Structures are given as C-alpha cells and as structure tokens.
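# Descriptive analysis of the structure
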Amino acid sequence: MWIPIQINESSAEPLYHQIETQLRSMIVSGQLGEGTLLPSIRELAGSLNCSAITVRRVYQDLENEGLLRTKQGTGTFVSKVEEEQRGTYKQTLVQEALEAAIDSAIAVQYSKEELQALFLEMIEKKYKAAGKGGNAK
Amino acid sequence: MTDLAVKLSGVMKSGRRKIIGPIDLEIPAGHVTAVVGPNGSGKSTLLHLMMKTIHPDGGTLEWFGQHHDRSLPVELQQHIGYVPEISIYEENSMTAEEAGAFRGYWYPKWDTAHFEELLNRFGVPRGIRLSKMSKGERRKFEISAALACRPKLLLLDEPSSGLDPFAWREMIGALRTLLAEEEITIVLCTHIVDEIRKLADYVILMRDGRNYGMVEKDALLACFQEWWIRGGQEEARRLGALETEPGLGMVKVLVNPVQAEKLAEAARIEVLRRRSIEMEEALELWIKGHLPEGLKWNRGTL
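Throughout, a residue's number is its position along its own chain's written sequence, starting from 1. Whichever chain is written first is A, and whichever ligand is written first is 1; the rest continue in order. Confidence filtering applies because this is a predicted model: local features only for residues at pLDDT of at least 70, side-chain atom pairs given and counted only at 80 or more, and all residues used for totals across whole chains, interfaces and linings.

If you tally the helices and strands in chain A, you get five helices and two strands. Shown N-terminal to C-terminal, the secondary structure of chain A runs as helices and strands in the order α-α-α-β-β-α-α. The C-alpha radius of gyration of chain A comes to 19 Å, more than 25% above the 14 Å expected for a compact globule of 137 residues. Seen through its C-alpha atoms, chain A measures out along the principal axes to roughly 55 × 35 × 30 Å. By definition, residues are in contact whenever their C-beta atoms, placed on the basis of the backbone, come within 7 Å of each other. In chain A, of all internal contacts separated by at least 6 residues, the share reaching a separation of at least 24 is 54%. What counts as a helix is a DSSP run of H or I of at least four residues, what counts as a strand is a run of E of at least two, and both are numbered from the N terminus. For the radius of gyration, the atoms used are the C-alpha atoms, and the globule rule reads 2.2 Å times the number of residues raised to 0.38.

So, in structure tokens, the structure goes:
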C-alpha cells in the first residue's frame, strides 16, 4: 500500500514536517476518507527512505490532533474530520501560501500598490481559467 | 522507551594489531542500525562481539536484557542470523540446497519455502558447489540463508559487496519485507551510503576501535544545511559557518540551521537559498568531528 507523499530531499524543510504537512492535508481535504487504513510505519518509512522513528512521530502527532487513531494490532486509521476543522484548515493553508507570496514580493522590493494591482489581475485570470475548465467538463 | 536487543557497556578487546573499545552501545530492538566507519575501524569485530564468537577482555554485554557469562545459549544463537564478510570455508563443497538443509538442522525456525523463494529471486545457481560460485553469487546464497532462518537479530557485514545492482535492489526489497512482517533487529555494517538511506533508522560511527556516537538517521541529515547568504566572510563568520565558499556578492556557507536561523535574524543577514545536505556530506562532517554534541546518543522520541 502507498500514499501519494512526495519528499523533496534538498528542501530545507525537515523530513518529518514535510510528511506531516502532506498527510494532514490529505486527511483534512477528504482525499483520505474516514476509516482509511494507513500503511504500517515500516511500509511508509521504506517507501519514503526515512527512519521508522520519523514516521512514528508523524503518526503520533496526527493522533494527538485527533486526525488518526491506532487500533492495537490492526493498524492506524483516519478519523472523522469535523466540518469546522476542515474550514479552519483551508483558511490556514491559503493564508500561508499568500504570506509566502507577499514575502517574495517584499524581497524584490515590490511596492504594496503594485502587489495589490497584480493580485487582482491574477485573481481575474485564474478564476476565469478555472471557470472555463469547469464548463468544458 | 524501546527495548534493547544488544547492550554493550565498556566492552574491550585487545588484538595483536589494535585495541577495540571501550565500547558503550545500545542497539534498539525492532530497528535497523547501520554501522559506518573507515576500513579497520572495528566494525566486523563489533559483530563478532555481539555473537560472542569473540570474547571480550573487559566490559559486559546483554542480549534482550539478559547477561550470558559464558557462550551464548543455543536458543539465543538460533535466533541470530549472520552474513559474514568472508563466507565460511566449511560449506565450500556443498551446493546451495545442501548448505540450506545443513543450516535447517541448526535453526528451528528455518523456512525452506522462503529459502527457495529467495534463491530464485536472487537467481542463485543450483547444483554447483558454493566454492565454484562467483563472489556475488555466493553472497546471494549467504543473504538468502540468513533470512530463511527467520532471525530475531540479523547481523550483516558488508552484505552487498560483490552484488550487481539488480541483486542489490532485491536485497533491499527482501530486507524491507522482513522488517514489515516481523519484529526484527538488524545491525548493518556498510560503506554503501544508499544502503543507509534506504534501510537505517540509526547510524553508528566507528573509528579506531571506538564508537563515536549513535544518531537517528533523519536527525543526522537535518543537523546541517547549505545556505547562500548575501555578504562575505564577515557574515559567514557571524552565522558560525563551518565551511564557506565565496561567490559574487554572496557566499555559500555550511551551518547548523537551528542556531544560524536565530543569528541571521539578529544580524539581519539575508538568506537567499537553503538546501539540505546529502548523507555523504553528513557522514563526512561527523567523521571530521562537527556533529553537535547534543545529537549523539540521543535516541529520539521513542
């Protein structure tokens, strides 16, 4: 069994953090539904070339957040995610992405006005494209 | 807290050429511990001490929480699988099947079906004497036989030396299957960095007969980063860089990211890019003595 987690080995982000972020996002977005059995610690460690200690830590963290539960002897399963939690998560995700974009703008001394104008332009373009894609289906 | 498979406390052995130890070491049960170090650093002797095929001159050993003053009890020996660096001469005139049957007497959990499956998977030639096999073929037999005894403790001494890349992948696969299926402890002496990347949970560094620490693999990789910072030698110095390489208006530095992150913020040094280091680089830095003290002996969140 495998789950679509991709490690960026040269990224400065710690390994356990990369795995945890991706797994959390798959659970909260509903990509991994309630009751899904996750790979064993060994299986996941093997497929990601990381240590079993790292995977155990990720599973424990997500269990503490209430996203996973472990049944002795059977394995680790995805728990039910509350609607409220899902909403909060979505907002956090978008907020973080926007912050990173703004940081890049500041780093190249882009002005606040320029950024605002560009942002509105991009929104128009992207949502138009997404709308078209939707109609084509 | 994890149980220990093997614990060495102040273990010493004086040989004709060199002295091994004192070694203090805890091998966690159910995990893979890779032992790395230059040639002649005492890795093979360490495995022999763990099997008591070499008796220590001083210090104590424990196996799964038990002391054994004389030789190891048969029940324990039957749960130890071993792939030696050099194959034993006693099996030279046997074929793979004969040597398998011979080992089957000794190991009560010997799994003939699994042995056959592994011989096929590795493509070990049948009906010819082990001494007539190539180095790699003999190696494939040794690995198959060590796995077929379904050990609780598996000691591998340079298991992949002589293996072709296809057999090497099969070996990694077979070891991973074993790890997923049962509670097994593996101690792996190796020079192959990719083997550490793919299998290890912990890494031990041996040098001149001494143990220089034990680090969780992912923590080892995370303890240094390569940064590109704006500025020159002065900025590099302020970040406590271990190594620097000047560029155009910027400098490439090797830093401990936890410390350097705070220093960069305080000194307003701009970091243009961050990159994790590779296993080779991490091991080299460790051998040079650059590993943070706090990381050694820290067995992580077990």
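It is worth spelling out the packing of helix α2 (residues 41-48) of chain A against helix α3 (residues 52-64) of chain A at this point. All names here are of chain A. At a minimum axis separation of 8 Å, α2 and α3 run at an interaxial angle of 120 degrees. What the angle tells us is that α2 and α3 run oblique. The handedness of the crossing between α2 and α3 is right-handed. Across from Ile41, Arg42, Leu44 and Ala45 in α2, the residues of α3 making contact are Ala52, Thr54, Val55, Arg56 and Tyr59. Amino acids outside the nonpolar list (Ala, Val, Leu, Ile, Met, Phe, Trp, Tyr, Cys, Pro) and the charged list (Asp, Glu, Lys, Arg) are all regarded as polar, and Gly is one of them. In terms of residue class, the contact of α2 with α3 is made up of six nonpolar, one polar and two charged. Fitted lines through C-alpha atoms give the axes, limited to the stretch in contact for helices. The angle between two N-to-C directions lies from 0 to 180 degrees. Should an angle fall under 35 degrees it is called roughly parallel, over 145 degrees roughly antiparallel, and 65 to 115 degrees roughly perpendicular, with every other angle called oblique. Definitions for this section: a left-handed crossing has its near helix turned counterclockwise from the far helix by less than a right angle. A right-handed crossing has that turn clockwise.

In this section: the interface of chain B and chain A. Residue-level contacts link 20 residues of chain B with 18 residues of chain A. Taken together, the elements giving at least two residues each to the side of chain B that touches chain A come down to α6 (165-181), α7 (193-199), α8 (217-222) and β13 (271-276) of chain B. When its residues are assigned to classes, the side of chain B that touches chain A shows six nonpolar, five polar and nine charged.

A few words now on the sheet that holds strand β10 (residues 225-230) of chain B. Residue and element names in this part refer to chain B. Here the rule is simple: two strands pair whenever DSSP picks up at least two bridges between them. What the four strands build is an open sheet, ordered β11-β12-β10-β13; its pairing is antiparallel. At either end of the open sheet lies a strand with only one pairing partner, and these are β11 (243-246) and β13. Averaged over all pairs of adjacent strands, the angle between strand axes in this sheet comes to 20 degrees, irrespective of strand direction. In this sheet, strand β12 (residues 250-255) lies alongside β11 in antiparallel orientation, the contact comprising four bridges.

This part takes up the domain arrangement of chain B. As a measure of interface size, the accessible area lost when the parts come together is often cited. Entries for chain B in the domain assignment read domain 1 (4-79 + 151-219) and domain 2 (227-276). When each unit is reduced to the centre of its C-alpha atoms, the spacing between domain 1 of chain B and domain 2 of chain B is 38 Å. Domain limits in this description derive from either an automatic procedure or a database domain assignment.

This part is about the confidence of the model for chain B. Any residue range with low pLDDT should be treated as having predicted coordinates unsuitable for detailed reading. All names here are of chain B. pLDDT gives the predictor's per-residue confidence on a scale running from 0 to 100. Averaged over every residue, the pLDDT of chain B is 90; residues scoring 70 or more account for 96%. Here residues 298-302 scores under 50 on pLDDT; set against residues more than four positions off or in separate chains, the count is eleven contacts. The ipTM, which scores confidence in the relative placement of chains, is 0.80 for this predicted complex, and the corresponding pTM is 0.85.

Time to look at helix α1 (residues 15-28) of chain A. Spanning 14 residues, α1(A) covers 20 Å between terminal C-alpha atoms, matching the ideal 20 Å at 1.5 Å per step. The burial label depends on the number of other C-beta atoms within 10 Å of a residue's C-beta. Counts of 20 or more mean buried, 12 or fewer mean exposed, and intermediate counts mean partly exposed, with C-beta atoms placed from the backbone. All of the buried residues in α1(A) are Leu15(A), Tyr16(A), Gln18(A), Ile19(A), Glu20(A), Leu23(A), Ile27(A) and Val28(A). Elements that come into contact with the buried residues of α1(A) comprise α2, α3, β2 (75-78) and α4 (83-107) of chain A together with α8 of chain B. In the stretch just after α1(A), Gly30(A) is the one whose phi turns positive, near 90 degrees. Between the first and last residue of a helix there are one fewer steps than residues, each counted as 1.5 Å, and that sum is the expected span.

With that out of the way, let us pick up the domain arrangement of chain A. Split by domain assignment, chain A resolves into domain 1 (15-78) and domain 2 (83-136). Distance between the C-alpha centres of domain 1 of chain A and domain 2 of chain A: 29 Å.

Attention now moves to the sheet that holds strand β4 (residues 58-63) of chain B. Pairing between sheet strands relies on hydrogen bonds along the backbone, with the strands arranged either parallel or antiparallel. Residue and element names in this part refer to chain B. On the basis of which strands lie adjacent, the open sheet formed by three strands has the order β2-β1-β4 and antiparallel pairing. Edge positions in the sheet fall to β2 (19-28) and β4, since each has one partner strand and no second. The sheet shows a mean angle of 10 degrees between the axes of neighbouring strands, taken without regard to direction. With seven bridges connecting them, strand β1 (residues 4-14) and β2 associate as antiparallel partners. Bridged to Leu8 within β2 is Leu25.

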